[in-house]
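Coordinate analysis (summary)
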Amino acid sequence: MTTPGSTPTPTPQPQESSAPPNSYSLVLPPGWARIPLRYGTDGAVQRILDRSFDGMPRDEVFTYRRDLESGLRRRIREAREANGLDLYLPVELMHGMSVPASFLVSETRTPESGDDLDPAELALFLAASETGREVVELDGSTAVRTERTAPADPARGIDFPSRRVDYQVPVPQDSRRWLTIAFSAVGAQDADGELSLLLVDLFDAVMTTLRWSTR
């Protein structure tokens, strides 16, 4: 507001925050759920169980509910051992079939050094260092995408080969922090089959929705 003869006071313009984001978001396909691995894990598990057996008599599905919870708890333990932040997995059938896929978000840090590493340069270096890697852009960040086929490992309870896709994404405004988003689709006898490739396309579409937030 100004008065006659006064000099208008400039309106302060909002400044773009230079603080590193402290959270991220992804848009999930229908039928998928997020399990946070540090806070709120138990609540997320109970919501998945309730959703899976909604409307069914509890006494009739007790064994199935117990087995599903046991499987979820095992996957949560494995994800935590991998320093995971969030585990994403399908909780509903797709065309009457279970979806043999999941992905894990974890945080990594580059080694301390005298000078900060430029994330874009590091991404280019990583992409050039191994076959199957490429540079991609995600919400303004230069990231690295890696795709490969992993063999079966019966000793670890992995009976079939799997299609793996990893994204390594630098956290904006923080040159040493990166998110690693690791996707796996079990392909029964053929990890390069149509279903595995469709699930990879679905995961790539999810990754295009990555957004950073300081809230």
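Look above for the structure.
Below or above, wherever it landed, is the structure these notes cover. (Residues numbered from 1 in each chain as written. Predicted model: local features only at pLDDT ≥ 70, side-chain atom pairs only at ≥ 80, totals over all residues. Heavy atoms only, no water.)

With that settled, consider the overall build of the protein. Each helix and strand in the protein was counted, giving four helices and nine strands. Per-residue burial over the protein gives 38% buried out of 215 residues. For the protein, the proportion of contacts with a sequence separation of at least 24, taken over those separated by at least 6, is 60%. In the structure as shown, the protein presents an accessible area of about 13,500 Å², 52% of it carried by carbon and sulfur atoms. (Helix = DSSP H or I, 4+ residues; strand = E, 2+ residues; numbered from the N terminus. Buried < 20%, exposed > 50% of the residue type's maximum accessible area, 1.4 Å probe, protein only. Contact = heavy atoms within 4.5 Å. Areas by Shrake-Rupley, 256 points an atom, 1.4 Å probe, with all protein chains shown as cover.)

Judged by pairing direction, the sheet is antiparallel, and its seven strands sit side by side in the order β2-β3-β4-β8-β7-β6-β5 without closing on themselves. On the outer flanks of this sheet lie β2 (32-36) and β5 (133-138), each paired with one strand and no other. The mean inter-strand angle of the sheet, taken between neighbouring strand axes irrespective of direction, is 20 degrees. When strand β3 (residues 84-90) meets strand β4 (residues 101-109), the two strands line up antiparallel, connected through four bridges. Bridged to Gly84 within β4 is Ser106. Set on the sheet, helix α4 (residues 194-207) makes contact with β2, β4, β5, β6 (141-150), β7 (162-170) and β8 (177-186); between it and β7 the angle comes to about 15 degrees. (Pairing = 2+ DSSP bridges. Axes fitted to C-alpha atoms, helices over the stretch in contact; angles between N-to-C directions.)

Over its 20 residues, helix α2 (residues 62-81) runs 29 Å from end to end, which matches the ideal 28 Å to within 8%, given 1.5 Å per residue. Buried residues in α2 make contact with β2, α1 (41-52), β3 and β4. Downstream of α2 by a residue or two, Asn83 has a phi angle that is positive, lying close to 60 degrees. (Expected span 1.5 Å × (residues − 1).)

Taken as a whole and judged by the stated rule, the model has five aromatic pairs. Each ring, one from Trp32 and one from Phe103, has its centre 5.9 Å from the other, and the planes form 35 degrees; the classification is tilted. Taken together, the residues Trp32 in strand β2 and Phe103 in strand β4 connect sequence positions 71 residues apart. By the burial criterion, Trp32 is buried, and Phe103 matches it. One aromatic cluster is present, formed by Trp32, Tyr88, Phe103, Tyr167, Phe183 and Phe203 through successive ring pairs. (Phe/Tyr/Trp six-rings, centres within 6.5 Å; stacked < 30°, edge-to-face > 60°.)

Glancing now at the pattern of salt bridges. Under the counting rule described, the total for this entry stands at 14 salt bridges. Measuring nitrogen to oxygen at the nearest pair gives 3.8 Å for the salt bridge that ties Arg66 to Asp67. For Arg66, a relative accessible area of 45% puts it in the partly exposed group. The salt bridge involving Arg145 is made with Glu147; its shortest N-O contact spans 2.9 Å. A relative accessible area of 8% places Arg145 in the buried class. (Salt bridge = Lys/Arg side-chain N within 4 Å of Asp/Glu carboxyl O.)

The nonpolar side chains of a soluble globular protein tend to be buried, and buried together. By size, the foremost hydrophobic cluster in this structure holds 27 residues, and its most contacted members are Phe103, Tyr167, Ile181 and Phe183. Considering every element that reaches this core, the biggest residue donor is α4, with five residues. With 14 residues, the next largest nonpolar core counts Ile48, Leu87, Val91 and Leu104 among its residues. (Core = buried A, V, L, I, M, F, W, Y, C linked by side-chain atoms within 4.5 Å.)

In terms of burial, β4 is a largely internal element, seven of the nine residues being buried. Pairing analysis gives nine bridges linking β4 to β8, with the strands arranged antiparallel. Among the inter-strand pairings, Leu104 is bridged to a residue of β8, identified as Ala182.

Next up on the list: α4. Since there are 3.6 residues in each turn of an α-helix, residues three or four apart along the chain are aligned in direction. Over its 14 residues, α4 extends 20 Å from the first C-alpha to the last, a length consistent with the 20 Å expected when each residue adds 1.5 Å. On its buried side, α4 packs onto β4, β5, β6, β7 and β8.

A separate point is the side chain of Arg65. Relative to the elements of secondary structure, Arg65 occurs in helix α2. Take Arg65: its relative accessible area is 9%, and that puts it in the buried class. Among residues more than four places away in sequence, those in contact with Arg65 are Gln46, Leu49, Asp50, Phe53 and Arg58.

So, to be careful, I would describe these as geometric facts and stop short of saying anything about function.
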